[in-house]
Amino acid sequence: PVKPAAQRADVVWHSSAVERGQRLSQGATIWLTGLSGSGKSTIAVELERQLIAAGRPAYLLDGDNLRHGINGDLGFGDDERRENIRRVAEIAALMADSGTIAIVSLISPFAAERENARNIHAAKSLPFNEVFVDTPLHTCETRDPKGLYARARAGEIRQFTGIDSPYERPEHADLVVTPTDGTPTDIAEHIRRALGIADAR
Ligand code: PPS
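Structure report, in brief.

Basis of the calculations
- Within every chain, residues take consecutive numbers counted from 1 along the sequence as written.
- This being a predicted model, a pLDDT of at least 70 is required before a residue's local features are given, and a value of 80 or more before pairs of side-chain atoms are given or counted; all residues contribute to the totals for chains, interfaces and linings.
- With hydrogens and water stripped out, all remaining heavy atoms of the structure feed into the side-chain values.
- By nonpolar core we mean a set of buried residues, namely Ala, Val, Leu, Ile, Met, Phe, Trp, Tyr and Cys, connected to one another through side-chain atoms within 4.5 Å.
- Here the term buried applies to any residue with accessible area under 20% of the maximum for its type, exposed to any over 50%, and partly exposed to those in between, with areas from a 1.4 Å probe on protein chains only.
- Counting from the N terminus, the helices are DSSP H or I runs at least four residues long and the strands are E runs at least two residues long.
- For this analysis, residues touch if any pair of their heavy atoms sits within 4.5 Å.
- We call a residue near a molecule or strand whenever a single non-hydrogen atom of that residue lies within 4 Å of it.
- Pairs of N or O atoms within 3.5 Å make up the polar contacts considered here, provided that, within protein, one atom can donate a hydrogen while the other can accept it, and that residues adjacent in sequence are counted only when both atoms are side-chain atoms.
- We get accessible surface area from the Shrake-Rupley algorithm with a probe of 1.4 Å; when it comes to residues, only the shown protein chains can shield them.
- Think of it as three bins: nonpolar holds Ala, Val, Leu, Ile, Met, Phe, Trp, Tyr, Cys and Pro, charged holds Asp, Glu, Lys and Arg, and polar takes everything else, Gly as well.

1. So, the nonpolar core
Core analysis: the largest hydrophobic core is formed by 18 residues, its most contacted members being Ile30, Leu32, Ile103, Val177 and Ile191. Elements that contribute at least two residues to this core include exactly strand S1 (28–33), helix H1 (40–53), strand S2 (58–62), strand S3 (101–105), strand S4 (128–133), strand S5 (175–177) and helix H7 (184–194). Of the residues forming this core, the biggest block, four residues, is contributed by H1. In this structure Ile30 touches Leu47, Ile101, Ala102, Ile103, Val104, Asn129, Val131, Ile191, Leu195 and Ile197, once residues within four positions along its chain are discounted. Ranked by size, the runner-up nonpolar core spans 17 residues in total, among them Leu66, Ala102, Val104 and Leu106.

Written out as structure tokens, the structure reads:
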């Protein structure tokens, strides 16, 4: 595992000449966690659309998409998921530090790694909001938008979250949303209101 820079004796931190208040706006991370098929990516896309429409710099970090690039070397074993979550947490914190609202959509099934993501932000005094998209497994499996649950049940995919790989439900999420809260548009609005993210214009 890669050591966090703060703990490394062989690398010295080089400070920026720019203070946070000088940046275009206050950044933050909105971290959506939930099962595959829970709707987190759909909500995240809508959230990004609404924030940009409201004049806020926002950028979506979607687990599936990042696995096409920076996380393309990682699979779905426990250690690789941990590294996946760690990398995304670091990227989100960099974006939040730059003044962007980073919207993360990641299964992030392990409580300790979600807590680590929160700590990475806290160490930089950056707002971190964990949103649990609490869609029951049977609903996700019924939806099965990519046919992955069927393949997991058939034994074609191993270590599938909720089937033969764990999902640790958040105990201390900042916000919990469920499909009964409305459409993805409603839920994204609800998240913005609940987290107090105002329009820029
Ligand atoms: S994790 O657990 O946070 O590292 O996962 P993440 O990076 O969010 O990637 C989840 C998407 O990968 C696809 N996929 C799988 N998910 C879970 N378990 C297994 N074994 C698996 N294999 C492929 C799946 O499309 C997930 O996308 P979402 O959007 O969550 O449905």
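2. Some remarks on the site of the ligand
Close to the ligand lie 21 residues; Ser36, Lys40, Arg81, Asn84 and Lys146 are nearest. At 2.8 Å, a side-chain N or O of Asn84 approaches an oxygen atom of the ligand. Between Gln159 and the ligand, the recorded distance is 2.8 Å, taken from a backbone N or O atom to a nitrogen atom. In isolation the ligand exposes 630 Å². Once the protein is present, 92% of that is buried. Among the secondary structure elements, those contributing two or more residues to the shell around the ligand are H1, helix H2 (63–66) and helix H3 (78–98). Partitioning the shell around the ligand into residue classes produces seven nonpolar, eight polar and six charged.

Everything listed is a geometric property; what it means functionally is a separate question.
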